[in-house]
Amino acid sequence: MTYAFSDRMASLQPSAIREILKNTSSPDVIPFAAGNPAPEAFPLKEIENITRIIMGDNPVAALQYSVSEGYPALRDAAFSFAEKREPGIRKPGDTILIVSGAQQGIELAAKCLINEGDTVLSEDPSFVGALNALRSYHPNLVGVPMEEDGMNLDALEKAMQTQPNVKLLYIIPNFQNPTGITTSLEKRKAIYELCKRYGVMILEDNPYGDLRFDGSYIPAIKTMDTEGLVIYVGSFSKIISPGLRVGYVIANSDFMAKMVVAKQCSDVHTNILAQMVCERFLISCNMNSHLLGLQKIYKSKAALLIKCLEEHTAGRLTWRAPQGGMFIWCTLPEGSDMVAFCKKAAEAKVAVVPGSAFLTDPSEPCRSFRMNYSTPSNKQIISGCEIMGGVLKDFLR
Ligand SMILES: Cc1ncc(COP(=O)(O)O)c(C=O)c1O
């Protein structure tokens with residue numbers, strides 16, 4: 001049978017990266033390619049207790065259909081949590097929608113906004129899950145090169161001036177996936193002003209904001225929004241559990257009314273038991289000390305990875321130390337074949353993600369790859385870097 005797939009899906013192919021990573025899920029492979037929260041960061045006991053309480057007190061509500069906007073108590077709790085973490089994020093006329101992970105928030109925003117051929121701007125490189133969600137609506141996807149402190153503003157403005165019907169800018173301002181870059185306050189303000197001037201909406205994706213372990217807090221672009229331009233996407237995946245699949249979107253209620261319809265078509269509502277667990281967690285746990293605990297774990301893992309990279313790859317590989325999040329972006333010397341290196345590393349049972357996977361145009365040249373430090377254990381980080389250092393030495397010889 002030859003299946004006649006829609007144009008939307010026919011153009012989305014499993015990437016070449018999968019080929020490289022396909023044998024890397026076995027336990028003997030060192031998982032620098034993953035993006036999972038650290039196994040030791042899960043609040044297992046708390047979730048177990050909360051789930052038992054919910055199933056004791058309110059089992060039918062936890063298993064019943066619910067409303068698309070989200071479990072009302074979680075909407076309140078998530079709104080207050082977001083407002084505490086990002087003072088000023090809630091603007092008059094804003095509302096909150098509970099979604100099945102930030103990924104769904106991104107996909108629904110794309111569904112509501114993008115017509116075929118509309119221009120969507122994105123940091124380049126960027127999170128491949130979001131790029132693919134955007135791509136499935138057939139936009140003119142235009143990448144804006146990244147600098148140490150966020151997007152190149154000249155390139156951003158030029159794209160706004162020259163590309164047709166620029167509708168949306170997708171941005172991950174904190175500890176970006178994959179580069180680890182944090183957009184400076186000056187750039188956040190300038191990006192907002194440019195979007196305001198050119199009438200471009202902003203999809204601000206902030207799943208890592210609470211995982212800052214260095215430097216100082218920088219306010220979300222949403223906190224600067226006076227026009228209802230920013231759709232802010234938050235997630236409990238990296239701070240409670242990704243398996244619960246609970247995230248949220250904060251945006252103007254006129255925009256959100258359409259998102260709710262889109263969500264109804266997609267999955268009716270987010271898993272209600274998972275929403276109840278998140279709500280109880282937010283209400284009953286000391287979130288400040290929980291987040292401090294996570295930041296401590298990620299700080300020490302990032303420091304260990306950097307120390308080991310210095311020991312085994314210095315002079316051959318370059319990288320920048322992130323101020324939070326889960327990723328380090330490593331770059332090979334001029335003229336290196338990055339994909340060939342990633343293949344060699346995978347053969348030596350060290351998995352990293354080729355950087356081209358994150359480009360808006362994956363056929364563009366790329367000498368970088370992404371390493372994750374949250375998933376591997378300390379032991380794996382140490383041995384993985386040693387193996388990678390050996391592979392790199394041979395590779396560059
Ligand atoms: C930048 C970014 N946005 C969104 C997501 C998706 O998160 P969620 O699990 O909340 O869907 C990820 C997951 O890795 C991510 O890195």
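Let me sum up the structure you'll find in this document. (Residues numbered from 1 in each chain as written. Predicted model: local features only at pLDDT ≥ 70, side-chain atom pairs only at ≥ 80, totals over all residues. Heavy atoms only, no water.)

A few words now on empty space enclosed by the protein. Overall, the coordinates contain 1 cavity of 30 Å³ or more when judged by the stated rule. As a volume, the largest cavity reaches approximately 40 Å³. As for the largest cavity, its lining consists of Pro37, Ala41, Phe42, Ser237, Lys238, Ile239, Ile240, Ser241, Pro242 and Leu294. For the lining of the largest cavity, the per-class residue count stands at 7 nonpolar, 2 polar and 1 charged. (1 Å grid on protein atoms, 1.4 Å probe; cavity = no way out; pocket = protein on both sides within 12 Å on 5 of 7 lines; lining within 4 Å. Points joined across faces, edges and corners; volume = space filled by probe spheres on them. Nonpolar A, V, L, I, M, F, W, Y, C, P; charged D, E, K, R; others polar.)

This paragraph deals with unusual backbone geometry. The amide bond that connects aspartate 124 to the next residue, proline 125, takes the cis arrangement and shows omega of 5°. As for its position among the elements, proline 125 is in the loop between β3 (119-124) and α7 (128-135). A cis amide bond links asparagine 177 to the next residue, proline 178, at an omega of 20°. Locating proline 178 in the fold gives a position in the loop between β6 (166-171) and α9 (185-198). Phi is positive for asparagine 165, close to 45°, though the residue is something other than glycine. Relative to the assigned elements, asparagine 165 resides in the loop between α8 (153-162) and β6. Of note in this structure, arginine 245 is not a glycine but carries a positive phi near 60°. By the secondary structure assignment, arginine 245 is in the loop between β8 (230-235) and β9 (247-252). (Helix = DSSP H or I, 4+ residues; strand = E, 2+ residues; numbered from the N terminus.)

Before going further, it helps to spend a moment on the site of the ligand. Residues in contact with the ligand amount to 13 residues; listed here are only the nearest, Ala102, Asp205, Tyr208, Ser235 and Ser237. At 2.9 Å from an oxygen atom of the ligand is found a side-chain nitrogen or oxygen belonging to lysine 238. Within the complex, 92% of the 400 Å² of free accessible area of the ligand lies under protein. Across the shell around the ligand, the residue classes tally to 5 nonpolar, 5 polar and 3 charged. (Near = heavy atom within 4 Å. Polar contact = N/O pair within 3.5 Å; in protein donor to acceptor, adjacent residues only side chain to side chain. Areas by Shrake-Rupley, 256 points an atom, 1.4 Å probe, with all protein chains shown as cover.)

Once that is clear, we can look at the packing of aromatic side chains. How two aromatic rings sit relative to each other is set out by the distance from centre to centre and by the angle between their planes. The final tally for this structure, using the stated rule, is 7 aromatic pairs. Both rings, one in phenylalanine 341 and one in phenylalanine 395, keep their centres 5.5 Å apart while their planes meet at 65°; by these two values the pair is edge-to-face. One end of the pair, phenylalanine 341, is in helix α13 (residues 338-347); the other, phenylalanine 395, is in helix α14 (residues 378-396), and 54 residues separate them in sequence. What makes phenylalanine 395 partly exposed here is its relative accessible area of 23%. Grouping aromatic residues by their ring pairs yields a cluster made of Phe81, Phe236 and Tyr248. Between arginine 90 and the ring centre of phenylalanine 79, over which it is positioned, the NZ or CZ distance is 3.7 Å. (Phe/Tyr/Trp six-rings, centres within 6.5 Å; stacked < 30°, edge-to-face > 60°. Buried < 20%, exposed > 50% of the residue type's maximum accessible area, 1.4 Å probe, protein only. Lys NZ or Arg CZ within 6 Å of the ring centre and 35° of its normal.)

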